[in-house]
Amino acid sequence: MKLKCIAVDDEPLALDIIEDYIAKTPFLELVKRTENPLEALELVQAGGIDLVFLDIQMPELTGIQFVKIAGNKTNYILTTAYSQYALESYDLNVADYLLKPIAFDRFYKAVEKVANKLKPIESVAASSSATQSNQNAAVQDFIFVKTEHKIQKIALIDILYIEGLKDYISIFTKTERVITLQNMKKMEETLPISQFIRVHKSYIIAIDKIKNIERSRINIEDKVIPIGDTYREKFYKQIEAKN
């Protein structure tokens with residue numbers, strides 16, 4: 001089985017090298033390469049990622065901050081041009097630390113270490129992988145979003161609904177409105193489908209916060225949310241399934 005990987009670096013050339021090395025390694029599969037650490041953080045939080053190649057010095061979120069936020073949801077190999085971060089990275093219990101420019105033999109040694117750590121017993125390989133994926137999905141109870149001046153943690157249980165506007169989305173809870181530069185599609189993919197559903201091109205709702213449904217309108221607290229024609233059938237099917 002291949003290890004599902006993400007490569008995160010604000011330098012495209014560095015990403016090119018990691019992508020090339022992953023392609024040369026039979027037991028690795030590149031799921032995503034990105035210059036945006038927040039995008040990678042969402043994928044890690046959603047579960048199913050085995051390994052993240054993570055640059056340390058990035059403007060929005062450093063590799064060290066990334067590991068501290070995401071915790072033990074996956075394995076990390078840190079990459080950097082500066083050796084002074086080595087001690088701090090090992091304190092975070094990362095799998096390895098690669099100093100740029102990265103040679104392929106050193107890269108292979110690092111990923112082989114992760115593969116050996118994750119290698120399941122052959123007779124239960126498939127079930128073990130599926131179980132881990134389900135567990136990752138089950139324990140997701142919060143998301144992180146970037147606001148104007150900070151990265152904010154929001155508990156899923158607090159979310160009432162999410163409204164999409166032109167260039168940003170608003171997340172409404174009982175106590176606050178959080179505005180973040182993100183699109184509705186990415187947010188929809190991040191949230192667990194058992195708890196949230198998109199009901200309109202501009203709205204995602206928390207299913208357990210529905211007060212009532214009347215004439216294709218959903219009432220949540222004092223907000224009336226329309227059900228779009230595109231989403232109507234899927235919405236009612238999911239509601240019926242919970243009866």
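Provided above is the structure to which this section pertains.
So, here is what we can say about the structure in this document. (Residues numbered from 1 in each chain as written. Predicted model: local features only at pLDDT ≥ 70, side-chain atom pairs only at ≥ 80, totals over all residues. Heavy atoms only, no water.)

### Digging into the overall build of the protein
Alright, step 1. Counting its regular elements, the protein contains eight helices and 15 strands.
Alright, step 2. In the protein, buried positions account for 45% of the 243 residues.
Alright, step 3. Within the protein, contacts between residues separated by at least 24 positions form 51% of all contacts whose residues are at least 6 apart in sequence.
Alright, step 4. Taken as a whole, the protein presents about 13600 Å² of accessible surface, with 51% of it coming from carbon and sulfur. (Helix = DSSP H or I, 4+ residues; strand = E, 2+ residues; numbered from the N terminus. Buried < 20%, exposed > 50% of the residue type's maximum accessible area, 1.4 Å probe, protein only. Contact = heavy atoms within 4.5 Å. Areas by Shrake-Rupley, 256 points an atom, 1.4 Å probe, with all protein chains shown as cover.)

### Regarding the sheet that holds strand E11 (residues 196-200)
Alright, step 1. In space, the five strands of this open sheet follow the order E10-E9-E8-E12-E11, with antiparallel pairing throughout. Taken across any chain shown, the strands that pair with only one partner, and hence form the sheet edges, are strand E10 (177-180) and E11. For this sheet, the mean inter-axis angle between neighbouring strands, taken without regard to orientation, is 20°. (Pairing = 2+ DSSP bridges. Axes fitted to C-alpha atoms, helices over the stretch in contact; angles between N-to-C directions.)

### Structural notes on the packing of helix H2 (residues 37-46) against helix H3 (residues 63-70)
Alright, step 1. Packing of H2 against H3 leaves a shortest axis separation of 11 Å and a crossing angle of 25°. With respect to their mutual orientation, H2 and H3 come out roughly parallel. Crossing hand, H2 versus H3: right-handed. Contacts between H2 and H3 pair Pro37, Ala40, Leu41 and Val44 from the former with Phe66, Ile69 and Ala70 from the latter. (Parallel < 35°, antiparallel > 145°, perpendicular 65-115°, else oblique. Left-handed = near helix turned anticlockwise from the far one by under 90°.)

### Quick word on the sheet that holds strand E2 (residues 28-34)
Alright, step 1. Read from one edge to the other, the open sheet built from five strands follows the order E2-E1-E3-E4-E5, with strand pairing classed as parallel. Sheet topology places E2 and strand E5 (96-99) at the edges, where each strand pairs with a single neighbour. The mean inter-strand angle of the sheet, taken between neighbouring strand axes irrespective of direction, is 20°.
Alright, step 2. Each of strand E1 (3-8), E2, strand E3 (51-55), strand E4 (75-80) and E5 touches helix H5 (residues 104-118); the most contacted strand, E5, lies at about 165° to it.

### Notes on the side chain of Ser202
Alright, step 1. With respect to the secondary-structure elements, Ser202 resides in the loop between E11 and strand E12 (203-206).
Alright, step 2. If we skip the residues at most four places from it in the chain, Ser202 touches Ile162, Glu163, Gly164 and Met184.

### Description of the side chain of Gln238
Alright, step 1. Relative to the elements of secondary structure, Gln238 occurs in helix H8 (residues 232-241).
Alright, step 2. What makes Gln238 buried here is its relative accessible area of 18%.
Alright, step 3. Excluding residues within four positions of it along the chain, Gln238 makes contact with Ile193, Phe196, Ile197 and Ile207.

### Quick look at the pattern of salt bridges
Alright, step 1. Taken as a whole and judged by the stated rule, the model has 16 salt bridges.
Alright, step 2. The shortest N-O distance in the salt bridge between Lys4 and Glu29 comes to 3.4 Å. Of the two residues, Lys4 is situated in strand E1 and Glu29 in strand E2; the sequence distance between them amounts to 25 residues.
Alright, step 3. Looking at Lys4, the relative accessible area reads 34%, which means it is partly exposed.
Alright, step 4. Given a relative accessible area of 33%, Glu29 falls into the partly exposed group.
Alright, step 5. Here the residues in one salt-bridge network are Asp9, Asp55 and Lys100, joined through shared partners. (Salt bridge = Lys/Arg side-chain N within 4 Å of Asp/Glu carboxyl O.)

### Looking at the pairing of E3
Alright, step 1. Among the five residues in E3, five count as buried, and that is most of the element.
Alright, step 2. Along E3, one buried face is formed by Leu51, Phe53 and Asp55 and the opposite face, lined by Val52 and Leu54, is buried too.
Alright, step 3. In this sheet, E3 lies alongside E1 in parallel orientation, the contact comprising four bridges. Bridge pairing in E3 places Ile6 opposite Val52.
Alright, step 4. In the sheet, E3 pairs with E4 via five bridges, with the strands oriented parallel. Along E4, the bridge assignment pairs Leu54 with Leu78.
Alright, step 5. Once you follow E3 into H3 and on to E4, the crossover reads as right-handed. (Right-handed = clockwise from strand over helix to strand, strands pointing away.)

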